Amino acid sequence: MSSLHDLARHLAAVALAAVDPERLVRDELSRRGERFGAAVALGKAASAFARGVREIPGALDARAPRLLLRTHATPALLDPAWEQRSGGHPVPDRQSLAAGERLERWLGEIPPGALLLALVSGGASAAVEAPAPGIGLEDLVSTQRALLASGLPIQAVNAVRRHLSRIKGGGALRAASRSPRILALLLSDVPGDDPATIASGPFAADPTTYADAADAVSGLVVPGSVRRHLAAGIWGELPETLKPGDPLLDRVETIVAGSARTAAAAVAAEAMRRGLSAVDAALEGEASQAARDLVDRGRALGTTVDRQGFVLVLGGETTVTLRGTSGRGGRNQELALAAAREIAGSRDELVLALATDGEDGPTRAAGALVDGSTWEAIRRAGIDPDSALARHDSHPALASVPGTLLETGPTSTNVGDLAVYLRAS
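Only a predicted model underlies this, so the values are computations on that prediction, with no experimental measurement involved. (Residues numbered from 1 in each chain as written. Predicted model: local features only at pLDDT ≥ 70, side-chain atom pairs only at ≥ 80, totals over all residues. Heavy atoms only, no water.)

So, about the side chain of Glu28. Inspection of the secondary structure assignment puts Glu28 in helix H2 (residues 21–32). The class for Glu28 is buried, based on a relative accessible area of 13%. Polar side-chain contacts of Glu28 include one of 2.5 Å to the side chain of Arg31. Ignoring anything within four residues of it in the chain, the contact list for Glu28 reads Leu185 and Ile255. (Helix = DSSP H or I, 4+ residues; strand = E, 2+ residues; numbered from the N terminus. Buried < 20%, exposed > 50% of the residue type's maximum accessible area, 1.4 Å probe, protein only. Polar contact = N/O pair within 3.5 Å; in protein donor to acceptor, adjacent residues only side chain to side chain. Contact = heavy atoms within 4.5 Å.)

Across all of its chains, the model carries 30 salt bridges by this definition. One salt bridge connects Arg273 with Glu270, and the closest N-O pair in it is separated by 2.8 Å. With Arg273 and Glu270 both in helix H11 (residues 260–273) and three residues apart, this pair spans about one turn of that helix. The class of Arg273 is exposed, set by a relative accessible area of 60%. A residue is classified by how much of its surface remains accessible, and Glu270, at 12% relative accessible area, is buried. Residues joined by salt bridges that share partners form a network here, namely Glu28, Arg31, Arg32, Glu34, Arg181 and Glu253. (Salt bridge = Lys/Arg side-chain N within 4 Å of Asp/Glu carboxyl O.)

Of note, the amide linkage connecting His89 to Pro90 takes the cis form, showing an omega dihedral of 10°. Looking at where Pro90 falls in the secondary structure, it is placed in the loop between strand S3 (83–87) and helix H4 (94–108). Backbone geometry at Ser200 places phi at a positive 65°, although glycine is not the residue there. Mapped onto the secondary structure, Ser200 falls in the loop between strand S5 (182–187) and helix H9 (210–216). Of note in this structure, Ser412 is not a glycine but carries a positive phi near 70°. Here Ser412 is to be found in the loop between strand S11 (405–406) and strand S12 (417–424). A relative accessible area of 17% means that Ser412 is categorised as buried.

Structure representation (structure tokens):
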């Protein structure tokens, strides 16, 4: 079993290397050979993106303005050529508002005719914010907390975010009126890799409406100012976000440089290189149910192969619906704890759950690695794992078993989550 643990940790490293933003942007800019007159980097991968740009001589004009807006947890870039600010995550704070206001001004100050390089990654939805008129910081914070606890898919969450912001849903594109062309390189942390959902689509068209946003919050406790704002949009009293077909979009070329599918495919390829059978697919749904589905599917597929082992790797994002008081943990730790129950007593199965940004919920863990002994080990530590699952209190349960939690620290990348089922022959 120790060799299976080693393999799982190796595959996690392979996944993170495959979606290294520094390499991805370096490869793309080297291939294109273009020169840009301004550059902006947003989100959890902003610093790594900027390092990749720096490695390509001539990618930026010598005097090109450069703006880097990241989450507080993202390591800063040690380069005075880039103006830098940080904001809160997963909910915005006052620094987020300052970052959003600076982005608006900065886009309006780009030298006329300058080609703009926009490097966009997840985390920017909270870290970079410019609320619509009449919406305050507390309104955004309350709404975001309600959305995070709702179990709604990220597409619905970001439909709301876009309609409460001046810079999301193509707002940043509108502000960049001086640039005749924009190259938007995206690192996707959302299922489906929709540019409108990645960082809430600052340079992308938004196919959703105020009515969609109102539907998403209809059953949630959100401030009255938010409901009034969305209602005013539905009644036509407020301008809509940028829509598909708008002529402004002709100025933008959008490329998804990396995603969960990139990471999952790399894991599958490495497993096959080592002589194992491997399948990769999408990860979605409620975390505890996704764990059951992962194990059931892994077992079913594993019986059809005749090699020394089997790997099923899923990439994407799960949800956790919180009701009442809940404990500590994140969706990856909840998936891992639920998987530990499914494989309890097994001698040849293991499950890895990993947040690729290194941050799983409000904890220092990136996820967890569980095997057939984990569930009983939690019981021996004096914790009822069934009760922990019901209370969404996965972190203390998993922390009670040494070596179970994964702590990577900030990884400088962000493509959502990976769930990996491994079975020895």
